[in-house]
Amino acid sequence: MQLRIIGAGWAGLAAAVAACQRGWSVTLYEASHQAGGRARALPHDGDAFDNGQHILIGAYSATLDLMHTVGVDAASHLLRTPLDLRDLHGHGLHLPDLPPPWNLLLGVGRAQGWSWRDRWALLRAATRWQIDGFTCPDDWSVARLCQAHGLSDALVQGLIEPLCLSALNTSLAQASASVFLRVLRDALLSGCGGADLLLPRTDLSTLLVTPALRWLHAHGARVVLGERVSADTVQAWWHEADAPHPLLLAVPSREAARLCQNLAPTWAQRAAQLESRAIATVYLHVDDPDFAGLP
């Protein structure tokens, strides 16, 4: 069985690997001349710079399994460190290296800059979220979730906001509370190390993209880079004389809308209206050989 996948970012690469494992004949299309999407290394002045800061957490078991499948030693490629959201003054949450829920209880108990009322409110909210199965009304934002549980400004600014921005890249007023709670569930209840931060020791292409492409080539997949698929091509594929081959879109919503405008115009119109925002990454180049890092 043949499968066409459009988009060779991490999602497309993951889909291609999974399909090959199940015996599919895979062709992967990517408009750029380089795979990896929004999580790849870009050359500049002889160095490789990631096109965005990407921090994983220990609960990303599927991503870690994918790395293992394509031959990446995650232990040597990722620096594992307990969750630490403290500011320059030492205020905020730092989870000790203990199994849940003891890491959260001790971390909240030791947190600096929070009153005991803040700590109790956070533990009460976490207990409520667990009782509710880490679910809430679908139309709630993270800001609305914080209001509903009476979380103080100190908790919101010192814990909820940095977690929300790092996990969802979206402000509290716009981020989905349902998605945010699922992230908390995976981090807090997935076992030891679920909330650990995993910091890449290498660039993102070395971390996954290049090994995944090597694995795909070794397993017979065809990878087509630098070829932008058109909506007419997608429509032609869908109406092939013989049985049409399955097609998987691993692309941003606006690109999916462009590709499906002939096949599903109503859906495409809705998908095109979804907003996205760019994330800026600033790199500092320091010539001082004695530079020991920022606080």
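Thresholds applied
Residues numbered from 1 in each chain as written. Predicted model: local features only at pLDDT ≥ 70, side-chain atom pairs only at ≥ 80, totals over all residues. Heavy atoms only, no water. Helix = DSSP H or I, 4+ residues; strand = E, 2+ residues; numbered from the N terminus. Buried < 20%, exposed > 50% of the residue type's maximum accessible area, 1.4 Å probe, protein only. Contact = heavy atoms within 4.5 Å. Areas by Shrake-Rupley, 256 points an atom, 1.4 Å probe, with all protein chains shown as cover. Lys, Arg positive; Asp, Glu negative; His and termini not counted. Charge placed at Lys NZ, Arg CZ, Asp CG, Glu CD. Patch = residues over 30% accessible without salt bridge, like charges linked within 9 Å, V, L, I, M, F, W, Y side chains within 5 Å. Salt bridge = Lys/Arg side-chain N within 4 Å of Asp/Glu carboxyl O. Pairing = 2+ DSSP bridges. Right-handed = clockwise from strand over helix to strand, strands pointing away. Core = buried A, V, L, I, M, F, W, Y, C linked by side-chain atoms within 4.5 Å. Axes fitted to C-alpha atoms, helices over the stretch in contact; angles between N-to-C directions. Polar contact = N/O pair within 3.5 Å; in protein donor to acceptor, adjacent residues only side chain to side chain.

Draft legend 1. Summary view of the overall build of the chain. Within the chain, the secondary structure is distributed over 12 helices and 9 strands. In terms of overall dimensions, the chain has a C-alpha envelope of 70 × 50 × 35 Å along the principal axes. Within the chain, the proportion of its 295 residues that are buried is 38%. When contacts within the chain are restricted to residue pairs at least 6 apart in sequence, those whose partners lie at least 24 apart make up 61%. Total accessible area on the chain is roughly 17,200 Å²; 53% of this is exposed by carbon and sulfur atoms. With 22 positive and 27 negative side-chain charges, the chain shows a separation of 7 Å between the mean positions of the two kinds.

Draft legend 2. Representation of a nonpolar patch on the surface within the structure. A cluster of nonpolar residues, Val282, Leu284, Val286, Phe291 and Leu294, forms a patch on the protein surface that exposes about 550 Å² of accessible area. Structurally, Leu284 is set in the segment after helix 12 (265–272).

Draft legend 3. Quick look at the pairing of strand 1 (residues 2–6). Most of strand 1 sits out of view: 4 of its 5 residues are buried. As paired strands, strand 1 and strand 2 (residues 25–30) are joined by 5 bridges and run parallel to one another. Looking at the pairing, Ile6 lines up with Tyr29 of strand 2. Of the crossover connections in this fold, the one passing from strand 1 over helix 1 (residues 10–21) to the parallel strand 2 is right-handed. Pairing geometry for strand 1 and strand 9 (residues 247–249), over 3 bridges, is parallel.

Draft legend 4. Quick peek at the nonpolar core. Within the largest apolar cluster, 36 residues are counted, with the highest numbers of intra-cluster contacts made by Trp129, Val142, Leu151, Ile160 and Phe180. Each residue touching Trp129, except ones within four places of it in the same chain, is listed here: Phe134, Leu145, His149, Leu151, Leu181 and Leu184. Ranked by size, the runner-up nonpolar core spans 32 residues in total, among them Val17, Ala35, Leu208 and Val209.

Draft legend 5. Spotlight on the sheet that holds strand 1. Pairing within the open sheet is parallel, and its 4 strands lie in the order 8-2-1-9. Both edges of this open sheet fall to strand 8 (222–225) and strand 9, since each of them pairs with a single strand only. With direction set aside, neighbouring strand axes in the sheet form an average angle of 15 degrees. Lying over the sheet, helix 1 contacts strand 1, strand 2 and strand 9, oriented at roughly 170 degrees with respect to strand 2.

Draft legend 6. Structural detail: the pattern of salt bridges. Here the structure, examined in full by the defined rule, presents 6 salt bridges. Residues Asp196 and Arg80 are paired through a salt bridge, measuring 3.2 Å at the closest nitrogen-oxygen approach. Taken together, the residues Asp196 in the loop between helix 8 (177–189) and strand 7 (197–200) and Arg80 in strand 6 (residues 78–81) connect sequence positions 116 residues apart. With a relative accessible area of 11%, Asp196 lands in the buried category. The shortest N-O distance in the salt bridge between Glu255 and Arg258 comes to 2.4 Å. Here Glu255 and its partner Arg258 are both found in helix 11 (residues 253–259), 3 residues apart, which amounts to about one turn of the helix.

Draft legend 7. Seen up close, the side chain of His77. Following the sequence through the fold, His77 ends up in helix 3 (residues 74–77). Within the structure, His77 has its side chain in polar contact with the backbone oxygen of Asp73 (distance 3.0 Å). At a separation of 3.3 Å, a polar atom in the side chain of His77 contacts the side chain of Ser76. Those residues in contact with His77, other than ones at most four positions away along the chain, are Val72, Leu199, Pro200, Arg201, Thr202, Thr206 and Leu207.

Draft legend 8. Region of interest: the environment of Leu197. Secondary-structure assignment places Leu197 in strand 7. Along the sequence, Leu197 and Ile57 sit 140 residues apart, while their C-alpha atoms lie 4.6 Å from each other. Not counting the four nearest positions on each side in its chain, Leu197 is found in contact with Ile55, Leu56, Ile57, Leu79, Arg80, Thr81, Leu83 and Asp84.

That's the geometry; what it means functionally is another story.
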